Amino acid sequence: MAKNSLRNWQGVAAVIGVDWGDSGKGRIIDDLAQSAQIVARYNGGSNTGHTIENHFGKFALHIMPSGIFNPQSTCLIGRGVVCDLESLIDDEFIQLKKAGVSWKNLVIDEEASLTMPWHKQKDGLRENFRQSKIGTTARGVGPTYADRIERVGFRVADLYKKDFKKLLKDEIGFQNKHFNLKLSYGKILSQFQKYAKIIKPFIGQTVPLFQQSIKRGGNVLFEGAQGWLLDIDAGTYPYVTSSNTGVIGIWRSFDLHPQKINHVIGITKAYTTRVGAGPMPTKIIGSLRQLIIEKGHEIGTTSGRTRDPGWLDLVLLKAAVEVNGVNQLAFTKLDIFSTFKKIKICVGYKVGDKKVDYLSGNADFLSRCKPVFMELDGWEEDISKIRKFTLLPKAAQNYIKTIEKITNVPINFIGVGPRREEVIYV
Ligand code: IMP
């Protein structure tokens, strides 16, 4: 299969989850960002948790693009991101400051919607009211997007409007009256006046910035949040997030046609995980579940919840590849499989006696799908020190090659450990 190495990538690249998220996007972005003039977030909000371990330390970023560790990259928070200033300023800036990492190269789009305190409260209230829980992270992401669609939300630029105080007071009055919230205008005003002052030097228009960079021949890297299977339109509604997680999200946030993305990199773990509710046909139960959770540290970066592990599901993966035009795959956490005697891959579904080989966004339908597995041999060796594909145990090579063959997409990045350097570029 023709390979197109990621080590010396050029042009426009996008890293999108071809799963339910939590695939290790932070670590690959941190690595690929070494060659990027622009690193841009286009969707999601502080529900995202990107874990990065590099020579500065270990970080859990939510809003901040993972390219922030390269002082040569300009990091953009696009208008399609819902901006949680509490997370950015009171958590992420502090993490970075402690490690001596500068964020002077950050630009937040003035049109990005702001997550306000009532969004977080309403996320929790709605979840408690639901008969069948979604498992939201309760970071206010859904309600912020809902307000944007309803054209009533605050955007970043509103913080600097002359009548901001009045707008805020009116909105808080509305929320308190109609939703019976006990919001304090004085407290929220002083909180957001403080935030407005801190982020003022970082506000701008992100679309022209990235367009100029492309014109100058710069490398641009888009950092997706969550994964395709949580997409608001394509995922198993209502067990989804509230944004477009795939390439369409880039178009919406940055006016960039997907055809102009040279490298659409679909990222997934060597197995899969899901956190929150919703169907997952290949879920692993029993002692193996516990082993993967422990070895893979499968605890949510944002929510602290345990993620459900499952075998890699190629029905879902192939659909994500097809719709997003993924032209290369990145696999993380292959090392977690070391010592497994057998490894399974889901190559189809059955509903009753009927074979099914397509993805449906219908949650009830997916919950009735039973996986059809292909079983492969595992390997005993520790692979975390290996940096060359041909030095991997034959069974590990076979696992990768089998997936490449079934998806017809090359796997160009194989993570064998959490640190930046623990990777095999193929
Ligand atoms: P929300 O977007 O926080 O409302 O959560 C909706 C669903 O998406 C829940 O099942 C969450 O667990 C899931 N979700 C949201 N963000 C992430 C993420 O970054 N990684 C994995 N799952 C996520």
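What you see is a predicted model, and the numbers here were worked out from it, not measured in a lab.

K.L.:
Could you clarify how one ought to interpret the nonpolar core in this entry?
P.N.:
In this structure, Phe222, Leu334, Phe337 and Tyr399 are the most contacted members of the largest nonpolar core, which totals 67 residues. When residues of this core are assigned to their parent elements, the largest contribution, 6 residues, is made by helix α10 (residues 314-324). Residues in contact with Phe222, not counting those within four places in the same chain, are Val12, Ala13, Ala14, Val15, Ile29, Ala40, Tyr42, Phe210, Ile250, Phe254 and Leu256. Listed in part, the 56 residues of the second largest apolar core include Ala13, Cys75, Phe192 and Phe413.

K.L.:
Looking at this structure, I do not really get the pairing of strand β15 (residues 328-332). What am I missing?
P.N.:
Along a regular strand, successive side chains alternate from one face of the sheet to the other. The element β15 is largely enclosed, with a buried count of 5 among its 5 residues. Here β15 shows a buried face lined by Gln328, Ala330 and Thr332 and a second buried face lined by Leu329 and Phe331. Here strand β11 (residues 263-269) pairs with β15 via 5 bridges, running parallel. Bridge pairing in β15 links Thr268 to Phe331. Here β15 pairs with strand β19 (residues 411-415) via 3 bridges, running parallel. Bridge pairing in β19 places Ala330 opposite Phe413.

K.L.:
Any chance you could explain the layout of surface pockets here in plain terms?
P.N.:
Think of a ball as big as a water molecule: rolled over the atoms, this probe shows where empty space is left. Of the voids in this model, the second largest pocket is the one considered here, and its volume is about 590 Å³. Those elements giving two or more residues to the lining of the second largest pocket turn out to be α1 (25-32) and β3 (50-54). Within the lining of the second largest pocket, the residues separate by chemical class into 4 nonpolar, 11 polar and 10 charged.

K.L.:
What should I look at first to understand the domain arrangement of the chain in this one?
P.N.:
It is common to report an interface's size as the accessible area lost on association of the parts. Split by domain assignment, the chain resolves into domain 1 (9-110 + 204-425) and domain 2 (113-201). Spacing between the C-alpha centres of domain 1 and domain 2 amounts to 29 Å. On the side of domain 2, 26 residues touch domain 1, which itself brings 31 residues to the contact. Between domain 1 and domain 2, a total of about 2,300 Å² is buried, with carbon and sulfur atoms accounting for 56% of that surface. Three residues, Val82, Leu85 and Glu110, lead the burial of domain 1 against domain 2; their summed loss comes to 24% of the area buried on that side. Linking domain 1 with domain 2 are 3 salt bridges. Two residues, Asp84 and Lys120, come together in a salt bridge whose shortest N-O distance is 3.0 Å. Inspection of the domain 1/domain 2 interface yields 12 residue pairs in polar contact (both at pLDDT 80 or more). Of all elements in the fold, only β6 (82-83), α2 (85-98) and β7 (106-109) reach the threshold of two or more residues within the side of domain 1 that touches domain 2.

Conventions used here
Residues numbered from 1 in each chain as written. Predicted model: local features only at pLDDT ≥ 70, side-chain atom pairs only at ≥ 80, totals over all residues. Heavy atoms only, no water. Core = buried A, V, L, I, M, F, W, Y, C linked by side-chain atoms within 4.5 Å. Buried < 20%, exposed > 50% of the residue type's maximum accessible area, 1.4 Å probe, protein only. Helix = DSSP H or I, 4+ residues; strand = E, 2+ residues; numbered from the N terminus. Contact = heavy atoms within 4.5 Å. Pairing = 2+ DSSP bridges. 1 Å grid on protein atoms, 1.4 Å probe; cavity = no way out; pocket = protein on both sides within 12 Å on 5 of 7 lines; lining within 4 Å. Points joined across faces, edges and corners; volume = space filled by probe spheres on them. Nonpolar A, V, L, I, M, F, W, Y, C, P; charged D, E, K, R; others polar. Domains from an automatic or database assignment. Buried area = accessible area lost by both parts, 1.4 Å probe. Salt bridge = Lys/Arg side-chain N within 4 Å of Asp/Glu carboxyl O. Polar contact = N/O pair within 3.5 Å; in protein donor to acceptor, adjacent residues only side chain to side chain.

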